[in-house]
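Letter by letter, the chains look like this.
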Amino acid sequence: EAGVTQFPSHSVIEKGQTVTLRCDPISGHDNLYWYRRVMGKEIKFLLHFVKESKQDESGMPNNRFLAERTGGTYSTLKVQPAELEDSGVYFCASSQEGRGHNEQFFGPGTRLTVL
Amino acid sequence: AQSVAQPEDQVNVAEGNPLTVKCTYSVSGNPYLFWYVQYPNRGLQFLLKYITGDNLVKGSYGFEAEFNKSQTSFHLKKPSALVSDSALYFCAVRPYTNAGKSTFGDGTTLTVKP
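**Q** Can you explain the overall build of chain A? Please cite residues and give values.
**A** Within chain A, the secondary structure is distributed over zero helices and eleven strands. Scaling as 2.2 N^0.38, a compact globule of 115 residues should have a C-alpha radius of gyration of about 13 Å, and chain A matches this with 13 Å. Projected onto its principal axes, the C-alpha positions of chain A cover 35 × 25 × 25 Å. In chain A, which comprises 115 residues, the proportion classed as buried is 50%. In chain A, the proportion of contacts linking residues at least 24 apart, taken out of those at least 6 apart, comes to 52%. Summed over all atoms, the accessible surface of chain A reaches about 5700 Å², with 47% contributed by carbon and sulfur. On chain A, the mean spot of the 13 positive side-chain charges and the mean spot of the 14 negative ones are 4 Å from each other.

**Q** Provide a residue-level description of unusual backbone geometry, including the pertinent values.
**A** Residues and elements named next belong to chain A. Between Phe 7 and Pro 8 the backbone carries a cis peptide bond, its omega angle lying at -5°. Going from Gln 80 to Pro 81, the amide bond is cis rather than trans, its omega being -10°. The residue Pro 81 is located in the loop between strand E8 (75-79) and strand E9 (88-95) in this model. One non-glycine residue, Lys 51, lies in positive phi territory at about 55°. By secondary structure assignment, the location of Lys 51 is in the loop between strand E5 (43-50) and strand E6 (53-56). A relative accessible area of 44% means that Lys 51 is categorised as partly exposed.

**Q** Go over the nonpolar core with me, naming the residues and quoting the values.
**A** Within the largest apolar cluster, 28 residues are counted, with the highest numbers of intra-cluster contacts made by Trp35(B), Leu47(B), Leu48(B), Phe74(B), Leu76(B) and Tyr89(B). For this core, the secondary-structure elements that each account for two or more residues are strand E2 (10-14), strand E3 (19-21), strand E5 (31-38), strand E6 (44-50), strand E8 (64-68), strand E9 (73-78), strand E10 (87-95) and strand E12 (108-113) of chain B. When residues in this core are grouped by element, the largest group, four residues, is from E10(B). One finds Ile13(A), Ile26(A), Phe49(A) and Ala67(A) within the second-largest nonpolar core, a separate group that totals 21 residues.

**Q** Summarise the state of the cysteines; cite the residues concerned and give the values.
**A** Within this structure, the stated rule accounts for two disulfides over all chains. A sulfur-sulfur separation of 1.8 Å characterises the disulfide bridge that pairs Cys23(A) with Cys92(A). Here the disulfide of Cys23(A) and Cys92(A) is left-handed, its torsion about the S-S bond being about -60°. Of this pair, Cys23(A) sits in strand E3 (residues 19-24) while Cys92(A) is found in strand E9, placing the two residues 69 residues apart along the sequence. We note that Cys23(A), like Cys92(A), is buried. In this model, Cys23(B) is linked to Cys91(B) through a disulfide, with the two sulfur atoms separated by 2.0 Å. Judged by the sign of its S-S torsion, about -60°, the cystine formed by Cys23(B) and Cys91(B) is left-handed. Of the two residues, Cys23(B) sits in the loop between E3 and strand E4 (24-26) while Cys91(B) sits in strand E10, which places them 68 residues apart along the sequence.

Reading guide: rules and limits
- Residues numbered from 1 in each chain as written.
- Chains lettered and ligands numbered in written order.
- Predicted model: local features only at pLDDT ≥ 70, side-chain atom pairs only at ≥ 80, totals over all residues.
- Heavy atoms only, no water.
- Helix = DSSP H or I, 4+ residues; strand = E, 2+ residues; numbered from the N terminus.
- Rg over C-alpha atoms; globule rule 2.2 N^0.38 Å.
- Buried < 20%, exposed > 50% of the residue type's maximum accessible area, 1.4 Å probe, protein only.
- Contact = heavy atoms within 4.5 Å.
- Areas by Shrake-Rupley, 256 points an atom, 1.4 Å probe, with all protein chains shown as cover.
- Lys, Arg positive; Asp, Glu negative; His and termini not counted.
- Charge placed at Lys NZ, Arg CZ, Asp CG, Glu CD.
- Core = buried A, V, L, I, M, F, W, Y, C linked by side-chain atoms within 4.5 Å.
- Disulfide = S-S within 2.5 Å.

See the structure below:
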C-alpha cells in the first residue's frame, strides 16, 4: 500500500511568487492534515480536512495560505504571495479516522525556501 | 491549550548503552501520546502510542515509552541503542476530546556513536 506522498520534495522561489504544494493521502483516509516546521522548531498544525470539508483551519497563519481538497482525495496548499518567513518544511498527514487515538501517517514533506 | 516540551535538543549515547529521550506534556483531560521518528530526507514514522491501560507501551524497533500521569511525562526509552537509531524524534499529544490536530514538541536529535 502506498503511503502519503507529497510533491514537490523541494521548492525554491522568490519572495512574492506563488507556490502550490500537493499531498496525496493514503487511499481511503478521510482525514488529511497539513503541518509546518519552521527553522527547526516544533511541527505546527495548519489545518485538518475531513473528506473535502475543512474541519479545523485554526493553524493557518494568514490569508496568503489557501488549502483545498476537491473531491476529498488529494489536497493542495497554495501560498500566494510567498514571504521569507514561509520557508520551512510542509508535512501532510492522513488518518483513517479523526479519532484522537489513531496515529497519523506522514508524508516526506516539501521543503520550501523563499529567497 | 495543549503543549509538549522536549527539554533536550540533542541526546548523545554510545552504542549498546540505554537511551532516554524526554517528553513532558500539558493537556486538558486525558491525553493520547505519540512518538514519531524522522530519518534524514524521510517523513515522520510512527513509533508508538499511549491510549490507556498499561503505562509502559512498546513500539517499533525495540523502543518503549512510559506514561507517568503525575509527572505528565512520556519518556522514550530503549535498553540498548544502535547506531541506526540516530535520527530526529518528536513527541506529540492529542487530547481525548479533540479528534484532530496533534501538538508536537521541538524534536530531539539522537546521536548514537559506535
